[in-house]
Amino acid sequence: GDSVTQMEGPVTLSEEAFLTINCTYTATGYPSLFWYVQYPGEGLQLLLKATKADDKGSNKGFEATYRKETTSFHLEKGSVQVSDSAVYFCALSVNTGNQFYFGTGTSLTVIP
Amino acid sequence: DSGVTQTPKHLITATGQRVTLRCSPRSGDLSVYWYQQSLDQGLQFLIQYYNGEERAKGNILERFSAQQFPDLHSELNLSSLELGDSALYFCASSVEGLNTDTQYFGPGTRLTVL
């Protein structure tokens, strides 16, 4: 069935370090891929998305490219800040049956 | 602030009881989604409504039901509650309910079943 697998956390980085959070997916049809971020005590908010293969989503210095050949949508940021500390969720939605799947979340802590 | 409101913020109840969670979508959004977030299951999609009609069903138990009203607000009803139903319940909304839509999440309702 359709699913999302993302890198286990927690991840701790120093400020200005490079971030990669891996996400791979299994899907039938033509899925859309998302990264959502959840700050403590809040709901999820969209970070970026890509709706077709080879699309690159980007926002606030974060990037992810929809790669159909490797079924991946890895999240990257060149230089993290303390304010990036949050839980990051990779998500997939499929147009067949309109189902939505989220990864288990990766907790990121950035230390000064 | 996403523009999606959920009430109540916290709910504590006993096993066997029934509760109703309420969600108001962003202005202009026609679709509402319900999710359950628990430590062991992660974030699970429960159900989606679009303009008052059920559009998609996920891992929603038979003890749970939802509806979307003409003013587009939605309610999630949980009955015969069990300890395992303790979780954070999120509502989200989007403009058209398509799988490419961005979903805007509310702050959640934390349900504790004792």
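Residues numbered from 1 in each chain as written. Chains lettered and ligands numbered in written order. Predicted model: local features only at pLDDT ≥ 70, side-chain atom pairs only at ≥ 80, totals over all residues. Heavy atoms only, no water.

Even after reading the chapter, I still don't get the overall build of chain A, so can you show me in this structure?
A tally of helices and strands in chain A yields 0 helices and 12 strands. Put simply, chain A runs from its N terminus to its C terminus through helices and strands in the order β-β-β-β-β-β-β-β-β-β-β-β. Here chain A has a C-alpha radius of gyration of 14 Å; the compact-globule value for 112 residues is 13 Å, and the two agree. Projected onto the principal axes, the alpha-carbon positions of chain A cover approximately 45 × 30 × 20 Å. Burial analysis of chain A (112 residues in total) assigns 46% to the buried set. Accessible area of chain A: about 5,200 Å², with a carbon and sulfur share of 50%. Of the charged side chains in chain A, 7 are positive and 11 negative, and the gap between their average positions amounts to 8 Å. (Helix = DSSP H or I, 4+ residues; strand = E, 2+ residues; numbered from the N terminus. Rg over C-alpha atoms; globule rule 2.2 N^0.38 Å. Buried < 20%, exposed > 50% of the residue type's maximum accessible area, 1.4 Å probe, protein only. Areas by Shrake-Rupley, 256 points an atom, 1.4 Å probe, with all protein chains shown as cover. Lys, Arg positive; Asp, Glu negative; His and termini not counted. Charge placed at Lys NZ, Arg CZ, Asp CG, Glu CD.)

Would you take a moment to explain the sheet that holds strand β8 (residues 74-78) of chain B for this structure?
Strand pairing in a sheet takes place through backbone hydrogen bonds and is either antiparallel or parallel in direction. All names here are of chain B. Read across the open sheet, the 4 strands follow the order β1-β3-β8-β7; overall the sheet is antiparallel. Sheet topology places β1 (5-7) and β7 (64-68) at the edges, where each strand pairs with a single neighbour. Each adjacent strand pair in this sheet contributes to an overall mean axis angle of 15°, direction not counted. Bridge count for strand β3 (residues 19-24) against β8 is 5 bridges, and the pairing is antiparallel. (Pairing = 2+ DSSP bridges. Axes fitted to C-alpha atoms, helices over the stretch in contact; angles between N-to-C directions.)

Is there a simple way to explain the environment of K9 of chain B in this structure?
All names here are of chain B. Locating K9 in the fold gives a position in the loop between β1 and β2 (10-13). Sequence separation between K9 and L114 is 105 residues; the distance between their C-alpha atoms is 17 Å. Those residues in contact with K9, other than ones at most four positions away along the chain, are G108, T109 and R110. (Contact = heavy atoms within 4.5 Å.)

Help me out: how do you make sense of the state of the cysteines in this one?
When the sulfur atoms of two cysteines share a covalent bond, that bond is a disulfide. Residues and elements named next belong to chain B. Under the defined criterion, the tally for this structure stands at 2 disulfides over all chains. Through a disulfide, C23 is tied to C91; the S-S separation comes to 1.8 Å. The S-S bond linking C23 to C91 shows a torsion near -50°; that makes this disulfide left-handed. Here C23 is found in strand β3, whereas its partner C91 is found in strand β9 (residues 87-94), with 68 residues between them in sequence. Accessibility expressed as a relative area gives 0% for C91, which makes it buried. (Disulfide = S-S within 2.5 Å.)

Could you clarify how one ought to interpret the side chain of Q37 of chain B in this entry?
Mapped onto the secondary structure, Q37 of chain B falls in strand β4 (residues 31-38). Excluding residues within four positions of it along the chain, Q37 of chain B makes contact with Q38 and F89 of chain A together with G42, L43, A87, L88 and F90 of chain B.

How do you make sense of the environment of E8 of chain A when you look at a structure like this?
All names here are of chain A. Here E8 shows up in the loop between β1 (3-6) and β2 (11-14). On a C-alpha basis, the gap between E8 and Y101 in space is 16 Å, while along the polypeptide they are 93 residues apart. Other than its neighbours up to four places away in sequence, E8 contacts T104 and T106.

In this structure, what is going on with the nonpolar core? I would like to understand it.
Buried together is how nonpolar side chains tend to be arranged in soluble globular proteins. W35, L48, F73, L75 and Y88 of chain A are the most contacted members of the largest nonpolar core, which has 27 residues in total. If you list the elements that add at least two residues to this core, you get β2, β3 (19-21), β4 (23-26), β5 (32-38), β6 (44-50), β8 (62-65), β10 (86-94) and β12 (106-111) of chain A. (Core = buried A, V, L, I, M, F, W, Y, C linked by side-chain atoms within 4.5 Å.)

When you look at unusual backbone geometry in this model, what are you seeing that I'm missing?
Glycine aside, the phi torsion of most residues is negative, and most peptide linkages are trans. The peptide bond linking G9 of chain A to P10 of chain A adopts the cis configuration, its omega dihedral lying at -10°. Position of P10 of chain A relative to the elements: it lies in the loop between β1 and β2. Here T7 of chain B and P8 of chain B are connected by a cis peptide whose omega angle stands at -10°. Here P8 of chain B lies in the loop between β1 and β2. One non-glycine residue, D54 of chain A, lies in the positive phi region at around 75°. Note on placement: D54 of chain A falls in the loop between β6 and β7 (56-59). Despite not being glycine, K60 of chain A has its phi angle at roughly 50°, a positive value. Here K60 of chain A lies in the loop between β7 and β8. Given a relative accessible area of 53%, K60 of chain A falls into the exposed group.

The values are spatial; any link to function lies outside them.
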